[in-house]
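Chains, contacts and geometry: an overview
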Protein chains: 2
Amino acid sequence: MTRPLSVAVAGLGTVGAGLLTLLRDNAELIAARAGRPIVVTAVAARDRNRDRGVSLDGLRWYEDPVAMAADAQADVIVELIGGSEGPARALVEAALAAGKPVVTANKALLALHGTALAGQAEASGATLAYEAAVAGGIPAIKALREGLAANGIRRVTGILNGTCNYILTCMREQGREFGDVLAEAQKLGYAEADPSFDIDGIDAAHKLAILAALAFGRPVDFPAVHVEGIRAISALDIRLADQLGYRIKLLGIAERTEGGVATRVHPCMVPASHPIARVDGVFNAVVAEGDFVGRVVLEGRGAGAGPTASAVAADLIDIARGRATPVWGAAGAALTSIAAEPMERHHGAYYLRLMVLDRPGVIADVTGVLRDHGVSLESMIQRGRAPGEAVPVVLTTHACRESSMRAALARITALEAVLEPPALIRIETL
Amino acid sequence: MTRPLSVAVAGLGTVGAGLLTLLRDNAELIAARAGRPIVVTAVAARDRNRDRGVSLDGLRWYEDPVAMAADAQADVIVELIGGSEGPARALVEAALAAGKPVVTANKALLALHGTALAGQAEASGATLAYEAAVAGGIPAIKALREGLAANGIRRVTGILNGTCNYILTCMREQGREFGDVLAEAQKLGYAEADPSFDIDGIDAAHKLAILAALAFGRPVDFPAVHVEGIRAISALDIRLADQLGYRIKLLGIAERTEGGVATRVHPCMVPASHPIARVDGVFNAVVAEGDFVGRVVLEGRGAGAGPTASAVAADLIDIARGRATPVWGAAGAALTSIAAEPMERHHGAYYLRLMVLDRPGVIADVTGVLRDHGVSLESMIQRGRAPGEAVPVVLTTHACRESSMRAALARITALEAVLEPPALIRIETL
């Protein structure tokens, strides 16, 4: 057996501690599968005395993670600090500059600086691996970058944020409102104290930008991702979706279109019979559609110490075995810029739920506006009667342009009899 | 860009022709992802003049596939002949002996001769890749061997034969009997003229033997797999399963047990809410449960030209990139023999459906036998009454030993009032 692969880990939060535990608990089988032992020999974290439930005896200690990049005894740097800037970015840049392979779980870093980092990795010949950055323990990066590499990919769809999926699942199963479930999720540790990153869709958008780059062989383009979160989803809309045969999921969708590539993260109505509709709770899923392979669905835990450590360790095993892949699946020169399709050009069906004053003529006004903008109705339901009071009206449309829908929506919102901002949710046939 | 990878393909059936089409249609993106073009330069097949819908112009032609192993211009041999013996085996052995990497879709070959072939590959340093051998287009081998490699695997469960899953799905959706659906599947080309390999579970058992070897790091052990097919499944049992909240699926299950590793292929009742219960038609699924990653579900097309070619091409891209993995995930010396748990030692719940004479005392006789063998009942249903005639009685048991159940079953079958051989289907909680 060759000499051990010596690993330096920066960041000893839940995932960092989980990685140390995994590499120790499964040392023997990992050595067999990696062809050599994989051993953590150095760590960097702020507080040396915090109890992390894992022994740090005998490990070289760094208070400054960036200094660890120069550790001559470390074969690989694992970056688990997080954040697209600051020490995480500085450490990865320093390690790659030193020609040292890097494993990271940092989606923000890859989504925002992935092209520059790939250039650095290519120049120095060092691997930059990031299986843990997308969909936690699901080997989605490996599947897309290697397993399905022979396919032209038409579309990648994912449930990419476990916090959002957990909240939406609870809302549906318990009929509760968003704010209520979020507060509970924060108490249980399933949502951050500042939950914006998750629930406003940014985390999912980082991951989608990465998947889209891999799927379509083009430079990562986070700014092009259209992002909406789940704050505006109400228990009422979830209930109405159920009645229509849909589930509401926060999806990331990257697809080839006539105009190029569309990337979007937003709540979607998906048919209850589609495999992705049944991915509940903290589970993540990635669906890839290839021209030869057809539809492949991958499902598993998208976060947490164990699944994330599993993905980081898989990257380490690849490095130990000498299995290398360019950061974006192909050399930088082989990536092709493809135009980003703006959201206004999106073509799809819509669910529109209004709270209107129950009086004659309101529906005629609403449907008249939709007609004016060329939006064709598929169905209209007004449940219950309450003359002179607010009642929900649900409309579903046939596929139309987003720009038309938005123009119609602005006029509908301004109608006097429309009492609240309407709920607009895109219907995805998938 | 480096010089092209030159590929010699033996076997030009559906999959072989599909591979040629794929490598041509997606040549550009494959070259980008492989770091160099992948080009078929030689083929071997029996009939040169058959129209395969793909041009063979300019390719070196071999009538004897084994002779192709000596083709000095071929960098890789792709074996798509099939069968565990004869030319397929001879070609793979000859290629590995010559130090030439081999890609194959041949599960029978791997399941029966995998240990010897891996030894040959290890000795000569040549890769033997077989992503296409299990679950078609789903990158299941890569997921298990690389993506989840850091995990101790508790269990792998799979829907591994599309023909069986298609037949069971049709039987359920259309309420038809096995023989009827099989005949139609044969007409449609979803089942072979001699369907035994598929419907008797042998094909699934080959695949399960491969997955078990990878999951548990032990030499492949096909003879240890307990195999039952789907011939005995009736429309009645499928309907009754539905009423009990189950689906009947032909599963391959490999799991760690107290006594070692149990590997079994047989029809199972699985809870309708489990993801694997909803994998219908020709789709395949593989569920892996790891100690750190938890449950990962992979789903996709398990057969057909496109998905199989996609998997073969993924292996070729790995070879072009120089990404190598030992055949069984670890070097031969690092594999550990683990005892095979015999089926008699299986511990689980059972569904037992009898056709009994509707007269007093029959149920008492049946339940008395079960009691005598220590089998505890969970439920008993007799639907409808028809004094003096045959009526179905369904019993479900709590978990018990297979040996106890079999002993009880033999006695129940011999009861005078039991009119047909009973249907016994294992219930899997998963």
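Residues numbered from 1 in each chain as written. Chains lettered and ligands numbered in written order. Predicted model: local features only at pLDDT ≥ 70, side-chain atom pairs only at ≥ 80, totals over all residues. Heavy atoms only, no water.

1. As for the relation of the copies chain B and chain A
In the superposition of chain B on chain A (RMSD 0.0 Å, axial shift 0.0 Å), the rotation amounts to 180 degrees. Here the transformation between the copies is reduced to the relation of a two-fold axis. Same-surface contact between copies: 100% of interface residues of chain B are shared with the interface of chain A. (Least-squares fit on C-alpha atoms with pLDDT ≥ 70 in both. Contact = heavy atoms within 4.5 Å.)

2. Considerations on the interface of chain B and chain A
Listed per partner, the contact involves 52 residues of chain B and 52 residues of chain A. Taken over both partners, the interface formed by chain B and chain A buries close to 4100 Å², and the fraction arising from carbon and sulfur atoms is 56%. Three residues stand out in chain B for area buried against chain A, namely B:Arg33, B:Phe292 and B:Arg323, and they jointly supply 18% of the buried area on that side. In this assembly, chain B and chain A are joined by 4 salt bridges. The partner of A:Lys142 in a salt bridge is B:Glu146, with the nearest N and O atoms 2.7 Å apart. (Buried area = accessible area lost by both parts, 1.4 Å probe. Salt bridge = Lys/Arg side-chain N within 4 Å of Asp/Glu carboxyl O.)

3. Details of the sheet that holds strand 2 (residues 38-44) of chain A
Residue and element names in this part refer to chain A. If you walk across this open sheet you meet the 6 strands as 3-2-1-4-5-6, and the pairing is parallel. Edge positions in the sheet fall to strand 3 (60-62) and strand 6 (128-129), since each of these pairs with one other strand and no more. Where strand 5 (residues 102-104) meets strand 6, 2 bridges bridge the pair, whose relative direction is parallel. Within strand 6, the position partnered with Val-102 by the bridge is Leu-128. (Pairing = 2+ DSSP bridges. Helix = DSSP H or I, 4+ residues; strand = E, 2+ residues; numbered from the N terminus.)

4. Here we look at the UniProt feature "binding site: NADP(+)" (unreviewed entry) in chain A
Residues and elements named next belong to chain A. The feature "binding site: NADP(+)" (unreviewed entry), as given by UniProt, occupies Ala-10, Gly-11, Leu-12, Gly-13, Thr-14, Val-15, Gly-16 and Ala-17 in the numbering adopted here. Its place among the elements puts Leu-12 in the loop between strand 1 (5-10) and helix 1 (14-25). For Leu-12, the contacting residues outside a window of four places in its chain are Ala-17, Leu-20, Val-43, Ala-44, Ala-45, Arg-50, Arg-52, Leu-56 and Trp-61. Structurally, the position occupied by Val-15 is in helix 1. When its relative accessible area of 22% is taken as the criterion, Val-15 is described as partly exposed. For Val-15, the contacting residues outside a window of four places in its chain are Leu-80, Ala-305, Thr-308 and Ala-309. (UniProt positions renumbered as here; feature names shortened; annotations may be inferred. Buried < 20%, exposed > 50% of the residue type's maximum accessible area, 1.4 Å probe, protein only.)

5. Brief notes about the packing of aromatic side chains
With the rule as written, the count across this model stands at 4 aromatic pairs over all chains. Centroid distance A:Tyr130 to A:Trp328: 5.6 Å. Interplanar angle 45 degrees. Geometry classified as tilted. Here the residue A:Tyr130 occupies a position in the loop between strand 6 and helix 6 (140-147), and A:Trp328 occupies one in the loop between helix 12 (305-321) and strand 13 (347-357), the gap between them amounting to 198 residues. Using a relative accessible area of 3% as the deciding quantity, one classes A:Trp328 as buried. Their ring planes at 75 degrees and their centres at 4.6 Å tell us that B:Tyr166 and B:Tyr190 sit as a pair that is edge-to-face. Note that B:Tyr166 is positioned in helix 7 (residues 162-174) and B:Tyr190 in the loop between helix 8 (178-188) and helix 9 (196-199), a separation of 24 residues in sequence. Overall, the relative accessible area of 12% leaves B:Tyr166 in the buried class. Assessed through its relative accessible area of 41%, B:Tyr190 is described here as partly exposed. (Phe/Tyr/Trp six-rings, centres within 6.5 Å; stacked < 30°, edge-to-face > 60°.)

6. Structural notes on the pattern of salt bridges
Residues and elements named next belong to chain A. Scanning the model with the defined rule gives 59 salt bridges over all chains in all. Between Arg-406 and Glu-402 there is a salt bridge, with the nearest N and O atoms lying 2.9 Å from each other. Of this pair, Arg-406 and Glu-402 both sit in helix 14 (residues 402-414), 4 residues apart, which is roughly one turn of that helix.

7. Thoughts on the UniProt feature "domain: ACT" (unreviewed entry) in chain A
With numbering aligned to this structure, UniProt lists the feature "domain: ACT" (unreviewed entry) at residues 351-426 of chain A. Between the C-alpha atoms that bound residues 351-426 of chain A there is a distance of 6 Å. The span itself is 32% helix and 36% strand.

8. Here's the deal with the sheet that holds strand 6 (residues 128-129) of chain B
Residues and elements named next belong to chain B. Taken in spatial order, the 6 strands of this open sheet run 3-2-1-4-5-6, and their pairing is parallel. Since the sheet does not close on itself, it has two edges, and those belong to strand 3 (60-62) and strand 6, each with one partner. Judged from the 6 bridges that link them, strand 1 (residues 5-10) and strand 2 (residues 38-44) form a sheet pairing that is parallel. Paired with Ala-8 across the strands is Ala-42, a residue of strand 2.

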